[in-house]
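# A closer look at the structure
Now for the letters of each chain:
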Amino acid sequence: MCVIISMENFKMISIKLIVKIILFTLIKSLNCENDDSYIFKTSVLPRNFDLLPTLGNGHIGFTVFSQNIYMNGVYNGKGGDSSRARIPNWANIRVDYCQNRPNECEWSLNVKKGVFQETIRSKEFHLEHLIFPHRIFNRAIINQISVTRLNNHGDLTLKLIQNPGSFKFNLKSKNSERIDINFNVTRSEIIKNHVIHSKCGRTIFVEDEKYQQETRQVCVMFKEVPAKLVLKMNEFSMIWTHITTIDEYFEVAKAEMTDLLFMADHAIISTHTNAWNKFWTNEFDIKIDGDQNLARAIHSSIFYLANSLPSLVTRQQQTQFYGLSPNGLGRGRYNEDYWGHNFWDTEVWMFPSVNLMNSDWSRQLLGYRSHLLNAAKDFANASGYRGARFPWESGYTGVEVTPEPIYSNEIHITADISFAMRQYFAMTQNFEWLLTEGCEMSREIARFFSSRCKFNQSTEKYDINGVIGPDEDHQLIDNNVFTNVAAGYALNFGIFTECMCSKLDKNYPINSPEIELWQKISDNLHIEYDPDNDYHPQFQGYTIGTNIKQADTILLGFPLDYPKMNESTRANDLEIYEKVTRSNGPAMTWGMHAINHLDLKHFSDAERLLNKTYTNYIRPPFNVWCEYTSEGCGAVNFITGAGGFLQVILYGYAGIRPRLDHLLIKQPSKLPGVKEFKIQRLNYLGTRFSINFNEKSPVKGFIHFDEVRTGSRIILETVNRKYLVCQNCTYFIFEDGIKIYPEDSYPINQCDISY
């Protein structure tokens, strides 16, 4: 490790203090929070079993002790009736004990290991029941029960209950209990001396006949479950492992089952827990010292997001990922939890946090949109516009599947996708992605908005009329300020990517008149502004005091970082809209308010809103996110809220801001009540670094470069100095923040990055 000190920035700091800082940096390693911040225990299960953990691995997902499993990309129902297809949960197995003797039982979720555990401590025996979707063998759900005898008083018998729920097809069923998959008869075979049952079936309806020619197949294999486990009198302990595998293809489900049957019990667990440990150690973590509740909220939020995303290393081949819905992969049946559809939640609330956790995941999220680009083009054309118009709600095919067609007018989702693309490129500068996916998608989005905007001769501005903004309480409004500013960003990103691809590929076709039109529209979009009150009316005709559902106009400050706005306007937007926003609305609203206040150095307001962002939305005992603060919870496992909350830590207090040509750490702020916090192993352009903030340090923080990609030359710039960063080197972060960027900025420096 080396510590680089710029003496120009330390004229007022004594040599003695500098030495102390160096020693602090060399010796101090933030392992300050113990494992309790990763483990959630209870001796009493919640009455509402929906508040049990939802577990997944990007291929399959389920809620503990529920009768439902869901598989990536498997939906049933036509158009607005499309929802995740429920697969009966043959892995829903319990020992028949705790229901009658709950005082001898305990339940825990260990997010560090990715395992849910039921523990029984009786006078006769000790039992541990582990449940998890495997991270490497991602077609599999594992139940592993280990029993240890505490006395030798005869045979020990434990009854097992398997409750998969209904799986018989009923065409007439149209309520929330509808059957989504018509399974065939059960087949049985012997594999490695185990009786293995299998069932294959197909969903009942296609989502859209044009884009889906046949229903989806699902094949499930599961070990036979005995009526009871028996530990003989002369046996001290036993381990029983149950395996369920699920895939579209029977051959894949069988291959996964076979591989696991030939593994030792301990190896099945260790390959899974090692994968999770590698994530926390080598990929991403946020460590907190001084506020255990905040640390637990952060770790559970990271886990619930990450366990909804695809395993990055799997035994079987990965398949196309079909997006991150507001409740993750383990929920979304008909009439519940937004039916498993994808919304703007992905790109605005979850993507920014995921993009800093692992850019491979963020590319897969964008890959979902790219995979369905043809449907978006057709949607724009059917609407009378050019380019690509993405649906407000999407599932398997990319067509509009909102049950309430009015919400299809939330066209800002198309701009939100463009903004996520901007963030991904800013963190990776992935030129290959631009040429294969990014340029086409950003071009088609820009084409959509250039045709959707209409020139107003009386104002000489371009209007976007008849839309719904993020505040869904006001519908079919004109010139929603968030929609218009986001559309301007999309047009500008289209200009930027066209320039980039023409530099990267000399044969790339450029339509100069079209790009000039995009620039003209972007420069002249109607942006609502009231000079008398120095604020942005939410839409044309909005009056101060009108109640709204959630954050809308204030999103101009963050995440958009709209440059054409004075600080006084931003402050007024925050004050005016906080007063009229639903108090029990979604958590993300208060997170965005908090970040905006941090940018304005309103630290007491930021602290108040940070607490409001998560304390009333996370439900004990397993820190499950709810959509609302009310007792009813709303949507369960609401990882949209988790993503918004993590943004407050990452983009607010740490001040991280990706820009197209650099990464900015902007005026970082100290977390209230926290002695120290560390964001571990961020990845910028393939170079990994960690950021450490300590309340006792005379500087804002430290940045340590864990890995510098071979052959790359990365510059770190402070107000007074530039450094060529080196691996295992540490640098100070000052009040004004730092910039990080590649020494060679071609071809980005050849293209306009105004905003």
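Bear in mind the structure is a predicted one, so any value in this text is a computation, not a measurement.

### Some details on the layout of surface pockets
Over the atoms a probe the size of a water molecule is rolled, and this reveals where empty space is left. Roughly 480 Å³ of internal volume is contained in the largest pocket. Together, 27 residues line the largest pocket, and Tyr338, Phe343, Glu393, Glu472 and Lys549 are the ones closest to its centre. Split into classes, the residues belonging to the lining of the largest pocket amount to 12 nonpolar, five polar and 10 charged.

### A look at the pairing of strand E14 (residues 156-162)
Pairing between strand E9 (residues 93-95) and E14: three bridges, direction antiparallel. Bridge pairing in E14 places Ile93 opposite Gln162. Bridge analysis of E14 against strand E19 (residues 228-231) gives four bridges, and the strand direction is antiparallel. When the bridges of E19 are listed, Leu156 appears paired with Leu231.

### Concerning the state of the cysteines
Applying the stated criterion to the full structure yields six disulfides. Between the sulfur atoms of Cys626 and its disulfide partner Cys633 the distance amounts to 1.9 Å. Every disulfide takes its handedness from the sign of the S-S torsion; for Cys626 and Cys633 that torsion is -100°, giving left-handed. On the basis of relative accessibility, which here comes to 0%, the residue Cys626 falls in the buried class. A residue is classified by how much of its surface remains accessible, and Cys633, at 2% relative accessible area, is buried.

### Some points on the UniProt feature "domain: Glycoside hydrolase family 65 central catalytic" (unreviewed entry) in the chain
When the UniProt feature table is mapped onto this chain, "domain: Glycoside hydrolase family 65 central catalytic" (unreviewed entry) is found at residues 331-543. This span, residues 331-543, is 52% helix and 3% strand, and a straight line between its end C-alpha atoms measures 39 Å.

### With respect to unusual backbone geometry
The step from Phe558 to Pro559 runs through a cis peptide bond, and the omega angle for that step is 15°. Here Pro559 shows up in the loop between helix H11 (512-523) and helix H12 (567-580). Here the bond from Pro620 into Pro621 is cis, since omega is 0°, no more than 30 degrees from zero. Topologically, Pro621 is positioned in the loop between strand E24 (618-619) and strand E25 (624-625). Its identity is not glycine, yet Glu460 carries a phi of approximately 55°, on the positive side. The phi torsion at Arg681 lies on the positive side, around 60°, for a residue other than glycine. Turning to its location among the elements, Arg681 is positioned in strand E28 (residues 676-684).

What counts, and where the lines are drawn
Residues numbered from 1 in each chain as written. Predicted model: local features only at pLDDT ≥ 70, side-chain atom pairs only at ≥ 80, totals over all residues. Heavy atoms only, no water. 1 Å grid on protein atoms, 1.4 Å probe; cavity = no way out; pocket = protein on both sides within 12 Å on 5 of 7 lines; lining within 4 Å. Points joined across faces, edges and corners; volume = space filled by probe spheres on them. Nonpolar A, V, L, I, M, F, W, Y, C, P; charged D, E, K, R; others polar. Pairing = 2+ DSSP bridges. Helix = DSSP H or I, 4+ residues; strand = E, 2+ residues; numbered from the N terminus. Disulfide = S-S within 2.5 Å. Buried < 20%, exposed > 50% of the residue type's maximum accessible area, 1.4 Å probe, protein only. UniProt positions renumbered as here; feature names shortened; annotations may be inferred.

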